[in-house]
Amino acid sequence: MRFFKNYELTRDYLKCEFKDCSDFLMRELVISGRRVLLCAMDGLVDGVYLSESVLEPLLCCSIKNDNAYEFLTGLQTRVIAAPEMSQPETFEDGEFFLMSGFVLLYADGSEKALVFGVQGWNRRSTDEPTNEAMVKGAKECFVESINDNKALLRKRLKSPHLKLKQINLGEAAKTPVVIAYMDDRACADDVKKVENALKNADFNTLSDYGEAAAFLAKKKRSFFSTSGNTERPDVLVSKLKEGRIAVMVDGSPFVIYTPYLFSDNFSSLDDYNNPPFYASFIRLLKIFAFCISTFLPALYVAIGSFHQEMIPTLLLYIVATSEESTPFSLLFEAIIIHLLYEIMREAGLRLPKTVGHAVSIIGAIVIGEAMVTAGLIGEPMLVVVALTAIASYVVYPLYESVAVLRLVFIVIAGVGGVYALVLSACALFINICSLSSLGVPYTAPVTPLTRASLGDTVIRRDWRYLANRKVRLKNMRGVNKNG
């Protein structure tokens, strides 16, 4: 609905819209003989700046008011000093600006309003990231304010090619969303696909990044996602330089980016600050840890249940002695111990920090000592679970996928042995290879395999080589240019 020319109708409409809203501020003024309505949301604006830079100049100004349009233009160009200004034509747009920390000014007889930014809400400082800790990396992270996140990104990537396109999503309540990309590196068609996917999602409300991420991935059943997220500006900058596209959601400190590759899970910014030989060793270690966390418990159950001849004699005697006194099968033991571990992990995450230590102590006593002493769980199984739990945190971005896959593989191995486990592992790898995002294979650049593709995936080559590379995701082998 457009603004009314009638002052009383506009005033009454806004009062009705914000009825019972104690944070809605409205003040009626007379400027140069014309009635003016000033509206703002308490807590979202800087009161001192509003009084000194807006109200005082407005009350002291003198503007020829032949018509409402010239009056608003005069205020915009000669009186109000705010850097952010716009002239919305509808109540919906005006209300969106109000909720974003703008002040709305309506003049009698005008079909438009004037809004100007005087934001002043409390913001969280850009402290050290909590989920993506780096030993030698930067110590700042994204925050909940989308304007601050845009500034952090622009500060690190000082290029006019960095584009930050803002759209508003949500039917019941509009949420600002920014699509970030480099126009000289990202494919224009891919940017349009991302924008259309978000606009066609038909959100009722958009409260966090996870809701938007679901619409950026293809509808294919898999335990792995083709869209990643990060809370580090330096990580996002490196992705944008490769031609990827990022999506920022207002109110979330995590930024989505796509395409997301399987190899991204095994690399970090610390790799590029460490010597090549050590960075390559760490990446190989992460791949090994992923295999352990996914397959080790299932392999232990399969061999212990069906293929005891594969275990060395001395080790077989130890396992048999331990399991003889337990009333449950290896399959049941593995499932129970992993479920108990996940329960304690979830409790430690959700409980207050002061109580979390108690959960860790109780878990260590109950599972580590009491269950083994009581003969409910065998010691070898406890060692396997502990090793698996530690390994799963080495590749933390894949933890959710690995936690579920591990239980699936345990059941398969307990029913069909090593043969069923191998077949299910092959099915998993086929599923991984079938994934793609915006035409880029999820397993790129390893498949199709080339010598050059190994320079920054499984191993990390020297900077003398990496500095001369111009990586573009759309230029890799196996990429479908049409998406």
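Residues numbered from 1 in each chain as written. Predicted model: local features only at pLDDT ≥ 70, side-chain atom pairs only at ≥ 80, totals over all residues. Heavy atoms only, no water.

(A) The packing of aromatic side chains, seen in detail. Applying the stated criterion across every chain, the model contains 24 aromatic pairs. Between Phe-262 and Phe-290 the ring centres are 5.8 Å apart and the planes differ by 75°, which places this aromatic pair in the edge-to-face class. Here the residue Phe-262 occupies a position in the loop between strand S10 (255–258) and helix H9 (276–306), and Phe-290 occupies one in helix H9, the gap between them amounting to 28 residues. Both residues of the pair, Phe-262 and Phe-290, count as buried. Put simply, the rings of Phe-3, Phe-4, Tyr-7, Tyr-13, Phe-91 and Tyr-106 pair up and form one aromatic cluster. (Phe/Tyr/Trp six-rings, centres within 6.5 Å; stacked < 30°, edge-to-face > 60°. Helix = DSSP H or I, 4+ residues; strand = E, 2+ residues; numbered from the N terminus. Buried < 20%, exposed > 50% of the residue type's maximum accessible area, 1.4 Å probe, protein only.)

(B) Broad picture of the pairing of strand S2 (residues 34–41). Burial runs high along S2: seven of the eight residues are buried. With eight bridges joining them, strand S1 (residues 24–31) and S2 adopt antiparallel strand pairing. Across the sheet, Val-30 pairs through a bridge with Arg-35, a residue of S2. Hairpin connection of S1 to S2: two residues between the antiparallel strands, including Ser-32 at a positive phi of 55°. When S2 meets strand S4 (residues 102–107), the two strands line up antiparallel, connected through four bridges. Bridge assignment links Leu-38 to a residue of S4, and that residue is Leu-105. (Pairing = 2+ DSSP bridges.)

(C) Molecular detail of the sheet that holds S1. As summarised here, the arrangement of the five strands in space is S1-S2-S4-S5-S3, forming an open sheet in which the pairing is antiparallel. Edge strands, defined here as strands with exactly one partner in the open sheet, are S1 and strand S3 (85–86). Sheet analysis places S3 next to strand S5 (residues 114–117), joined by two bridges and oriented antiparallel. Directly across from Met-85, in S5, lies its bridge partner Phe-116. Running over the sheet, helix H1 (residues 7–17) touches S1, S2 and S4 and is turned about 15° from S2. (Contact = heavy atoms within 4.5 Å. Axes fitted to C-alpha atoms, helices over the stretch in contact; angles between N-to-C directions.)

(D) Examining a nonpolar patch on the surface more closely. On the surface, Phe-277, Tyr-278, Phe-281, Leu-285 and Phe-288 cluster together into a nonpolar patch covering about 570 Å² of accessible area. Here Leu-285 is to be found in helix H9. Overall, the relative accessible area of 39% leaves Leu-285 in the partly exposed class. (Patch = residues over 30% accessible without salt bridge, like charges linked within 9 Å, V, L, I, M, F, W, Y side chains within 5 Å. Areas by Shrake-Rupley, 256 points an atom, 1.4 Å probe, with all protein chains shown as cover. Salt bridge = Lys/Arg side-chain N within 4 Å of Asp/Glu carboxyl O.)

(E) Representation of helix H13 (residues 379–392) in the model. Taking 1.5 Å per residue, 14 residues should reach 20 Å; H13 reaches 20 Å between its end C-alpha atoms and fits that length. Turning to H13, its buried residues number three or more, namely Pro-380, Met-381, Leu-382, Val-384, Val-385, Thr-388, Ala-389, Ala-391 and Ser-392. (Expected span 1.5 Å × (residues − 1).)

(F) Up close: the packing of H9 against helix H14 (residues 399–434). Where H9 meets H14, the closest approach of the two axes is 8 Å, and the angle between their N-to-C directions is 45°. By the angle class used here, H9 and H14 are oblique. Like other packed secondary-structure pairs, H9 and H14 cross with a definite hand, here right-handed. Class assignment for the residues of the contact of H9 with H14 results in 20 nonpolar, five polar and one charged. (Parallel < 35°, antiparallel > 145°, perpendicular 65-115°, else oblique. Left-handed = near helix turned anticlockwise from the far one by under 90°. Nonpolar A, V, L, I, M, F, W, Y, C, P; charged D, E, K, R; others polar.)

(G) Up close: the environment of Glu-346. Structurally, Glu-346 can be placed in helix H11 (residues 330–350). For the pair formed by Glu-346 and Ala-403, sequence separation is 57 residues and the distance between their alpha carbons is 12 Å.

(H) Layout of the side chain of Thr-230. Along the chain, Thr-230 falls in strand S8 (residues 228–230). What makes Thr-230 buried here is its relative accessible area of 1%. Within the structure, the side chain of Thr-230 is placed 3.0 Å from the side chain of Glu-132, a separation counted as a polar contact. If near-sequence neighbours (up to four positions away) are discounted, Thr-230 is found in contact with Glu-132, Phe-142, Val-235, Leu-236, Pro-253, Phe-254, Val-255 and Tyr-257. (Polar contact = N/O pair within 3.5 Å; in protein donor to acceptor, adjacent residues only side chain to side chain.)

(I) Here's a closer look at the nonpolar core. By size, the foremost hydrophobic cluster in this structure holds 53 residues, and its most contacted members are Phe-224, Leu-236 and Met-381. Among the elements that line this core, the one with the most residues is H14, at 10 residues. Aside from chain neighbours lying at most four places away, what touches Phe-224 is Phe-262, Leu-398, Ser-401, Leu-405, Leu-428, Ile-432, Leu-435 and Tyr-442. Core analysis: the next-biggest nonpolar cluster, separate from the first, contains 24 residues, Leu-38, Leu-55, Ile-63 and Val-118 among them. (Core = buried A, V, L, I, M, F, W, Y, C linked by side-chain atoms within 4.5 Å.)

(J) Up close: the sheet that holds S8. The strand order across the open sheet built from five strands is S6-S7-S9-S10-S8, with neighbouring strands paired in antiparallel fashion. Where the open sheet ends on each side, the last strands, each with one partner, are strand S6 (162–169) and S8. Direction aside, the axes of adjacent strands within the sheet are offset by 25° on average. When S6 meets strand S7 (residues 175–182), the two strands line up antiparallel, connected through eight bridges. Bridging from a neighbouring strand, Gln-166 pairs with Val-178 of S7. Lying on the sheet, helix H5 (residues 146–156) is in contact with S6, S7 and strand S9 (245–249); it crosses S6 at an angle near 165°. Helix H6 (residues 188–199) rests against S6, S7, S9 and S10 of the sheet, and its axis sits at about 20° to S6.

(K) Main features of the pattern of salt bridges. One pass over the structure, following the stated rule, counts 18 salt bridges. Here Glu-89 makes a salt bridge to Lys-112, at a shortest N to O gap of 3.6 Å. Within this pair, whereas Glu-89 is found in the loop between S3 and helix H4 (91–99), its partner Lys-112 is found in the loop between S4 and S5, the two being separated by 23 residues in sequence. Asp-234 serves as the salt-bridge partner of Arg-232, at 2.9 Å between the closest nitrogen and oxygen. Assessed through its relative accessible area of 1%, Arg-232 is described here as buried. Look at Asp-234 and you get buried, because its relative accessible area is 11%. Overlapping salt bridges bring together Lys-239, Glu-242, Arg-244 and Asp-264 as one network.

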